[in-house]
Amino acid sequence: MHKNLLGPDPTYLPDDHPDMSARVALENGDDLREVAAQFPASSHAWALLAREAMSEEDPVAAYAFARTGYHRGLDALRRAGWKGQGPIPADHVPNQGFLGALEALGDAAAAIGEDDEAERCRTFLTESTA
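Structural notes, computed from the coordinates. Computed from a prediction, not measured in an experiment: that's the story for all the values here.

With that settled, the discussion passes to helix α5 (residues 93-111). If you check α5, its first and last C-alpha atoms are 27 Å apart, about what 19 residues at 1.5 Å a residue would give, namely 27 Å. The set of residues buried in α5 consists of P94, N95, G97, F98, L99, A101, L102, A104, L105, G106, A108 and A109. As for α5, its buried residues are in contact with α1 (18-27), α3 (43-55), α4 (59-79) and α6 (115-129). G113 occupies a position one or two residues after α5 and carries a positive phi of about 85°.

Okay, structure coming up:
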């Protein structure tokens, strides 16, 4: 970790974040929906469900899944000290679920015509990973 002299310090979700257990379960071959039910605070599982729904051309379901992962991730970031701005490093594996949900939310929002939200998501993603 480094100290950012021009802005807030980066936020790192804890290494025991539910995304990590969800990742292990998925690597062990567990069903994605069962993993999301077992680890509902896992942004990673919700982001994957959103991507799956998008690939099945169901942007409404993708939007719902992505929004769930996004909000669960915001809750976790706030508990980790995030104050609504600052870096959320993408190279830190526990942060990747939230960032994936944010990206999926932007894509799903665009697919259903929520252009303002899609743009907000793209901006948020760019600013938080810069």
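The next point concerns the nonpolar core. Judged by nonpolar contacts, the single largest core of 33 residues is most densely connected at Y70, I88, F98, L102 and F124. For this core, the secondary-structure elements that each account for two or more residues are α1, α2 (32-38), α3, α4, α5 and α6. Ranked by residue count, the leading element in this core is α4, at eight residues. In contact with I88, not counting residues within four places along its chain, are T11, L77, W82, N95, F98, L99, F124, S128 and T129.

Evaluation of the coordinates by the stated rule reveals five aromatic pairs. An aromatic cluster of three or more residues is present, and its members are Y70, W82, F98 and F124.

Looking now at the environment of L6. Of note, L6 is situated in the segment before α1. Here L6 falls in the exposed class, since its relative accessible area comes to 87%. Measuring from C-alpha to C-alpha, the distance between L6 and A37 comes to 40 Å, with 31 residues separating the pair along the chain.

Under the counting rule described, the total for this entry stands at five salt bridges. For E117, the salt bridge is made with R67, and the minimal N-O distance between the two is 1.9 Å. On the criterion of sequence distance, the pair formed by E117 in helix α6 and R67 in helix α4 is long-range, its members being 50 residues apart. The salt bridge involving E119 is made with R122; its shortest N-O contact spans 3.3 Å. Placement of both E119 and R122 in helix α6 is noted, with a separation of three residues, approximately one turn of the helix. The class for E119 is partly exposed, based on a relative accessible area of 39%. Each member of the salt-bridge network shares a partner with another, and the members are R51, E103 and D107.

On to the side chain of S128, then. Tracing the chain through its elements places S128 in helix α6. When near neighbours in sequence (up to four residues on either side) are disregarded, S128 contacts G86, P87, I88 and L99.

A few words on α6. When the terminal C-alpha atoms of α6 are compared, their 21 Å separation across 15 residues agrees well with the 21 Å that a helix rising 1.5 Å per residue should span. Here α6 has its buried residues at E117, A118, C121, F124, L125 and S128. In a view along the axis of α6, the buried residues occupy a sector of 125°, so they form one face of it. With respect to the buried face of α6, the exposed residues turned more than 90 degrees away are D115, D116, T126 and E127. Each element contacted by the buried residues of α6 is listed here: α4 and α5.

Cut-offs used in this document
- Residues numbered from 1 in each chain as written.
- Predicted model: local features only at pLDDT ≥ 70, side-chain atom pairs only at ≥ 80, totals over all residues.
- Heavy atoms only, no water.
- Helix = DSSP H or I, 4+ residues; strand = E, 2+ residues; numbered from the N terminus.
- Expected span 1.5 Å × (residues − 1).
- Buried < 20%, exposed > 50% of the residue type's maximum accessible area, 1.4 Å probe, protein only.
- Contact = heavy atoms within 4.5 Å.
- Core = buried A, V, L, I, M, F, W, Y, C linked by side-chain atoms within 4.5 Å.
- Phe/Tyr/Trp six-rings, centres within 6.5 Å; stacked < 30°, edge-to-face > 60°.
- Salt bridge = Lys/Arg side-chain N within 4 Å of Asp/Glu carboxyl O.
- Arc of directions from axis to C-beta.

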